[in-house]
Amino acid sequence: MEGQSKFVFLMAFLVFMGFLTGFNGVNGAGECGKSSPDSEAFKLLPCASAAFDAKATPSKECCAQVQKIGLNPGCLCAIMLSKTASNSGIKVENGLTIPQRCNLNDRPVGYKCGPYTLP
């Protein structure tokens, strides 16, 4: 029950942060196509517990979203370095290990994401 409460709180927090950071428009094609990394971050809500805890097993829903987004490693990187992710308090180094923890064979191993490298 406590974990569920934290997840609901995190979802509410992320929605609130989305309003603060302004998911009110797009600025052309970027790392995530026509969507901003901040708005794409909301698609990774099922990954919240895995992004906070490096030992947590990602859910099937999380892995499905990461697989879709991970086809564009620049987008996955931009999401992990986005204001929304930063404001939510996730640890980038945990988030970047999710494709590996999902056992995705086609993950972008070795991709440089700012000061981080995808395992």
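Residues numbered from 1 in each chain as written. Predicted model: local features only at pLDDT ≥ 70, side-chain atom pairs only at ≥ 80, totals over all residues. Heavy atoms only, no water.

### Details of the environment of C113
Among the structural elements, C113 can be located in strand β1 (residues 112-113). Judged by its relative accessible area of 0%, C113 falls in the buried class. Distance in space between the C-alpha atoms of C113 and L76 is 8.9 Å, their sequence separation being 37 residues. The residues contacting C113, other than those within four sequence positions of it, are C77, L81, L96 and L118. (Helix = DSSP H or I, 4+ residues; strand = E, 2+ residues; numbered from the N terminus. Buried < 20%, exposed > 50% of the residue type's maximum accessible area, 1.4 Å probe, protein only. Contact = heavy atoms within 4.5 Å.)

### Digging into the nonpolar core
Note that soluble globular proteins tend to have their nonpolar side chains buried in a common cluster. In terms of nonpolar packing, the biggest core is built from 24 residues, with L44, V66, I79, M80 and I98 touching the most fellow members. If you list the elements that add at least two residues to this core, you get α3 (48-52), α4 (60-70) and α5 (73-80). Per-element accounting of this core gives the leading share, 5 residues, to α5. When near neighbours in sequence (up to four residues on either side) are disregarded, M80 contacts L44, A85, I90, V92, G95 and L96. (Core = buried A, V, L, I, M, F, W, Y, C linked by side-chain atoms within 4.5 Å.)

### Side note on the state of the cysteines
Here a disulfide denotes a covalent bond joining the sulfur atom of one cysteine to the sulfur atom of another. This model, assessed by the stated rule, comprises 4 disulfides. C77 shares a disulfide with C113; S-S distance 2.1 Å. With the S-S bond torsion at 100 degrees, the cross-link from C77 to C113 turns out right-handed. One end of the pair, C77, is in helix α5; the other, C113, is in strand β1, with 36 residues separating them in the sequence. (Disulfide = S-S within 2.5 Å.)

### Some points on the side chain of S88
Its place among the elements puts S88 in helix α6 (residues 83-88). In terms of polar contacts, S88 uses its side chain to reach the backbone carbonyl oxygen of A85, at 2.8 Å. (Polar contact = N/O pair within 3.5 Å; in protein donor to acceptor, adjacent residues only side chain to side chain.)

### Considering α5
Among the 8 residues of α5, 8 are classified as buried, and the element is accordingly described as predominantly covered. The complete set of buried residues in α5 reads P73, G74, C75, L76, C77, A78, I79 and M80.

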